[in-house]
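A look at the structure
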Amino acid sequence: MFKYYGKTAPYLFLLPAAIVLIVFFFIPFFQTILLSFQDYSTNIYHATFAGLQNYIDILHNPIFYKVMWNTLLYLIVAVPILAILPLFLAILINQKIKGITLYKILIYLPVIVSIVVAAIAFKWLYAEQGILNYILNVLHINSIGWLTDPKYAIYSVIIVTIWKGIGYYMMIYLAALMSVPKELYEACDIDGAGFLRKHLTVTIPHIMPTIALVTTISSISAMKIFAEIYVMTKGGPLNSTKTIVYYIYEKAFENLDLGYASAMAVILLVIVMIFSLINICCFERGKYQV
Amino acid sequence: MIKLKNIWIHLTLIFVSLLSIFPFIWLLSTSLKGSGENIFAYPPTLIPQDFTFANYVGVWHRVDLMRYFINSMIVAGGTVLLNLILSSLAGYPLARMEFKGKKIAFFAILATIMVPFQAIMLPVYLITLKLHLVDSVNDTMGFIGLIMPFAVSAFGIFLMRQAFLAIPREMEEAAIVDGCNVFQVFWKVLLPMVKPSLAVLAIFTFIGSWGEFLWPSIVLTKEAMYTLPVGVNNLQGMFSSNWRFIAAGSIISTIPIIIFFLAMQKYFISGENEGAVKG
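Values in this document were obtained by computation on a predicted structure and should not be read as measured data. (Residues numbered from 1 in each chain as written. Chains lettered and ligands numbered in written order. Predicted model: local features only at pLDDT ≥ 70, side-chain atom pairs only at ≥ 80, totals over all residues.)

Describing the overall build of chain B
We count it as follows: For the purposes of this entry, the term helix denotes a DSSP run of H or I that reaches at least four residues, the term strand denotes a run of E that reaches at least two, and both are numbered from the N terminus. Atoms considered for the radius of gyration are the C-alpha atoms alone. The globule rule reads 2.2 Å times the number of residues to the power 0.38. Residue pairs are scored as contacts if the distance between their C-beta atoms, which are placed from the backbone, is within 7 Å.
If you tally the helices and strands in chain B, you get 14 helices and 0 strands. Starting at the N terminus and walking to the C terminus, you meet the elements of chain B as α-α-α-α-α-α-α-α-α-α-α-α-α-α. Over its C-alpha atoms chain B spans a radius of gyration of 24 Å, topping by over 25% the 19 Å that the globule rule assigns to 279 residues. Here the C-alpha coordinates of chain B stretch approximately 75 × 65 × 35 Å along the principal axes. Summarising the internal contacts of chain B: among those between residues at least 6 apart in sequence, 71% fall at separations of at least 24.

Quick word on the domain arrangement of chain B
Residue and element names in this part refer to chain B. Using the following cut-off: For the domain bounds, the source is a domain assignment made automatically or taken from a database.
For chain B, the domain assignment lists domain 1 (2-52) and domain 2 (60-269). Between the C-alpha centres of domain 1 and domain 2 the distance comes to 34 Å. Contacts between the two partners involve 6 residues from domain 1 and, on the opposite side, 6 residues from domain 2.

Focus on helix α12 (residues 244-254) of chain A
The test is simple: Exposure in this text rests on C-beta crowding, where 20 or more other C-beta atoms within 10 Å of a residue's own make it buried, 12 or fewer make it exposed, and counts in between make it partly exposed. The C-beta atoms are placed from the backbone.
Counting buried positions over the 11 residues of α12(A) gives 8, a clear majority of the element. Looking at α12(A), one finds that the buried residues are A:I244, A:V245, A:Y246, A:Y247, A:I248, A:Y249, A:K251 and A:A252.

Quick word on the nonpolar core
The condition that has to hold: One nonpolar core equals one set of buried Ala, Val, Leu, Ile, Met, Phe, Trp, Tyr and Cys residues connected by C-beta atoms within 7 Å.
Counting 164 residues, the largest nonpolar core has A:A119, A:I248 and A:M264 as its most contacted members. In terms of residues, this core owes the most to one element, helix α7 (residues 153-177) of chain A, which gives 15 residues. Here this core spans two domains, and each of domain 1 (2-52) and domain 2 (60-269) of chain B adds at least three residues to it. Apart from the residues within four sequence positions on either side, A:A119 is in contact with A:V160, A:A227, A:E228, A:V231 and A:M232.

Some thoughts on unusual backbone geometry
At the junction of A:G236 and A:P237, the peptide bond is cis and its omega measures out at -10 degrees in the coordinates. Following the sequence through the fold, A:P237 ends up in the loop between α11 (227-232) and α12. Geometrically, the link from B:Y42 to B:P43 is a cis peptide bond, its omega value of -10 degrees lying close to zero. You can see B:P43 is positioned in the loop between α1 (2-31) and α2 (54-62). You will see that A:L256, though not glycine, has its phi angle at about 55 degrees, which is positive. Note that A:L256 resides in the loop between α12 and α13 (258-283). Its identity is not glycine, yet B:H132 carries a phi of approximately 60 degrees, on the positive side. With respect to the secondary-structure elements, B:H132 resides in the loop between α5 (117-130) and α6 (139-147).

Some words on the environment of B:W210
All names here are of chain B. Within the fold, W210 resides in helix α10 (residues 195-211). Residue class for W210 comes out buried when judged on the 22 C-beta atoms lying within 10 Å of it. Remark: the alpha-carbon pair of W210 and S72, spanning 138 residues in sequence, is separated by 6.3 Å. The residues contacting W210, other than those within four sequence positions of it, are S72, A76 and I257.

Here's the deal with the environment of B:A154
Looking at the secondary structure, you find B:A154 in helix α7 (residues 154-165). In this structure B:A154 touches B:I109, B:L110, B:T112 and B:I113, once residues within four positions along its chain are discounted.

A closer look at the environment of B:N55
Residues and elements named next belong to chain B. Mapping N55 onto the fold places it in helix α2. Looking at N55, the number of C-beta atoms within 10 Å reads 25, which means it is buried. For the pair formed by N55 and R244, sequence separation is 189 residues and the distance between their alpha carbons is 6.2 Å. Those residues in contact with N55 that sit more than four places away from it in its chain are S31, R244, F245 and A248.

This is the structure we're talking about:
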């Protein structure tokens, strides 16, 4: 095909997006790295070069380890559940039965509702004299401090994240299930394979890439958790629900310790980038071919 | 045999559906209970005994929820509009043109996917301050500051690029033979053909922007500028333990997005647009 556009045309088309990305992405990206080598802790207006001091301080800060542990707990608990439960639901919803659209709408509803409202709704369920403690009492279990007991608080917050994510991942699985060839299931039926066998031998191997995709996306979003914590616990009690983004927020915008916050942001950056690279290189390659 | 299996499937799905909506149902129930009813009663009652809309009236009078709603509409509307324009403009040369630095542009955009906003939010805030895009200057600047960091995304650019790639080359050739220049090709020929992708981008950008909480809670200083999520979170502080009001305010704030979702449900639950939405 002949070239119908001038030399500058491609750049003109790219320019508006480029300006936004440079100002609100690339400059902040490099500035985060620069700030992480600065010391703002004594005077917010006069930074001094700190070298690796912020990083050293972080590694000597017990709260940082607590925060990393909480983030890791999020990964260990939420990610496997979000990888498996929605798949199970997608398989059920992929059957030819009545009422599917209604089920899909109801299960997807938590995804579109604001996380703030979701967190408030759960805070109400978790109240000291709330309905969940009532259910425990009916089962002859003593009330627990869902959000006030450091032993349980993080799990209570994780439940909200899982609850809000199930519908989203279910729809991803559902799209993948549609691509499994029907003939394979028919062959299973002829062989007399049961429900479980059918899905273990046909479905699971076929959608393995999607399972891996869901695992990495849910890991990445688990590392970015903020609103749930902010609305429900503010990181407490005793830092038991403080995750890395919340801690960065606190250091940056409440303690105004810009250098320290940036050094932690760099740590977050490195971890998330590793997961994203895995995601892009292994699972979403097709989308990003040059 | 087959029927029995279906009953189990239905029971499981009904159970999960109920779990999905129960937190909202319980909030709704609380919001409709009058002051004559103990909202901490054991055993709890789902159907309000002292049924009333008084909490809705009360919260509506004391909190400017309409203002929050309008603010959210402005921010989400502006974000959607800019994303549609910037993504399709940028997606077009990446799909259809050969130029120096194309690979660099491509990978630079791809790189933005890997970096979470949460990690760079502090300098983004400092830059926004420096550009005076904050509500302490004036409302318009405040809105611009809420919108600009999310005015374009790699997701949108790649979505539009894919859409342009799928259009047959003959379309452009015919237009050029007819005497169109490159901007006319883009505007009159290509853009109308990628409407479905624009719709997908608009809807998912809208949902994302509507629910955004972190950025507005960083930049906003004036209550009159609050978007719905920030305003709803603020209800907790205003009515410290008046759960009837908090519940009523939360329910009101959710109505618009539920209407939007039901109207656009095919985009969300048809199973065709997966991998769209949020990060």
